[in-house]
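Structural overview
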Amino acid sequence: MGDTYSMFNVTRRQALAGVAGAGILALAGRSISPARAAPVRGGSVKFGVAGGATSDTLDPRGSPDTHLALAWWAIRNSLTEVLADGTLVGEIAESWDASPDAKTWTFHIRKGVTFHDGKPLTADDVVASLNFHRGADSVSAGKALVETVTDIVAADPHTVVVTLAQANADFAFLMSDYHLLILPVVDGKVDWESGNGTGGYILENFEPGVSIKLRRNPNYFKGDARAHFDEVELLNIPDAAARQTALMSGQVDAIGRIDVKTVSRLAGVPGINVVETVGRQYSTILMDCTSSLFKDVNVRLAFKHAIDRKKILETALLGHGQIGNDQPIGPTYQFYDPNLPQRTFDPDKAKFLLNKAGVSNPKVQLEVSEIAWPAGAIDAAVLYAEQAKASGIDIEVVRRPNDGYWSNVWSKVPFTMGYVGGRPTEDWIFTAFYAANAANNDTHWNNDRFEKLLVEGRMTIDPDKRRAIYGEMQHILNEDGGLIAPIFANHIIGLGSRIAKPESLSGNWEMDNWRAVERWSLAE
């Protein structure tokens, strides 16, 4: 089936121009030329990665870390896919169109696609899969992405029409989200438990928090274009030193999240390729805006001025990243505002703000796990606690177990840490993490002006107007939000001599936007 699959290419700028200018977003199809020689087929490989937990499930309504996410993307597909260069292409959707007002989107479903059990994929599966995240009672972390959808219908077996309450110029990008995976409908219900999907790999064994085994799907609709390994095992190895030992000894073929302290040493090992990708992933310190201490914006601002970002970057990450500014939009985004002043380490200002809030020498526990950041979480927490003393702030660092951290600590306590992988558009990252009703609103923040602008931004097609809207939103989150985003962390991974990667890797999530299992291959 390799000669029947082609990817349909449209950049974000072209998409906006198509809506605003031509009145309809009609994507002309063309094949994407490979950036390297034809990948080698076959072989059994093992990846040693972090982030697995015994609480992991195959339910796409959750929020996976790398170990589980690699498997999700291997066994399933979304309607669209964002490539490493930010280009949007079709996956389950062969092409799509938008109405002139960007409120009605028509997705043309690729023909000949089957699930692993042989069931043909139809528009009904797509409709049910998207509806799985909708509704007042939805517990999906992807709910906010489809919040404005008013109707989804199967116009015919290979056409899905989505109607929105409000225009959304970025809607096709949202359909590439890892929550909005296409699942089979069995007996009238979406089947997520079995792991049955349309992806390039079939789930062989799933041991949550330990190991996930996959074998290549011989009937994959992408044919020879993707899914090159015969077998893949994903091993959850939480400890960075253990991952590196496994790579050097040949027990695994690739690892993620290399300890920044050992990057140089590992890079000098024969047969190991250390790959560093600058991206949009940012590390966070989270203040619960509904908690007694952090409900006052002056307290939140004081804690933001109590951290020395440059030293956090140099000490915790040894410079393997960039300084952040308490909001997620960096220079690689289309509507990044370069005029937002960089927040500085200012203990005197922090003390002034605490006094303004009527708070004297606050004491708080910062609950953290090593996996809270891709690298350096504990070191960063300890360093921040030391820095905060100059502002009269007493931070007690409380180390929590890796297992269960995301389900039991992150976003559940007043002061904790985390990290966020990049998203392709401003609206997406704001909607997923900073909208008041977002399942991943990990600071429990609610700002009326921000909410209004969030709606206006996605309804606006004119790029200049969108730039002004998203610029103001960056300022609001920087000043009012419960987010401390001190650094953007580079992705640092290690590859053994058996692994070949594409010429460029995505900067959104580690391991090539969590698509390594499908995109990588054996070396020649």
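Attention in this report is confined to the structure presented alongside it.

Most of strand β12 (residues 231–236) sits inside the fold, with five of its six residues counted as buried. Pairing geometry for strand β11 (residues 211–216) and β12, over five bridges, is antiparallel. Directly across from lysine 213, in β12, lies its bridge partner glutamate 233.

Glancing now at the pattern of salt bridges. Taken as a whole, this structure holds 28 salt bridges when the rule is applied. In this structure, aspartate 170 and arginine 466 form a salt bridge, with 3.1 Å as the shortest nitrogen-oxygen distance. With aspartate 170 in the loop between β7 (159–164) and α4 (171–174) and arginine 466 in helix α14 (residues 463–480), this residue pair connects regions lying 296 residues apart in the sequence. Each member of the pair, aspartate 170 as well as arginine 466, is classed as buried. Arginine 343 is paired through a salt bridge with glutamate 479; the nearest N and O atoms lie 3.2 Å apart. Taken together, the residues span a long stretch of sequence, with arginine 343 in the loop between β16 (321–323) and α9 (347–357) and glutamate 479 in helix α14 at a distance of 136 residues. Residue classification places arginine 343 among the buried residues on the basis of a relative accessible area of 8%. Assessed through its relative accessible area of 42%, glutamate 479 is described here as partly exposed.

Our next topic: the pairing of strand β6 (residues 149–156). Across six bridges, β6 lies against β7 in antiparallel orientation. Residue pairing across strands places aspartate 156 opposite threonine 159, the latter belonging to β7. Once β6 ends, the chain turns through two residues before running back antiparallel as β7.

Conventions adopted
Residues numbered from 1 in each chain as written. Predicted model: local features only at pLDDT ≥ 70, side-chain atom pairs only at ≥ 80, totals over all residues. Heavy atoms only, no water. Buried < 20%, exposed > 50% of the residue type's maximum accessible area, 1.4 Å probe, protein only. Helix = DSSP H or I, 4+ residues; strand = E, 2+ residues; numbered from the N terminus. Pairing = 2+ DSSP bridges. Salt bridge = Lys/Arg side-chain N within 4 Å of Asp/Glu carboxyl O.

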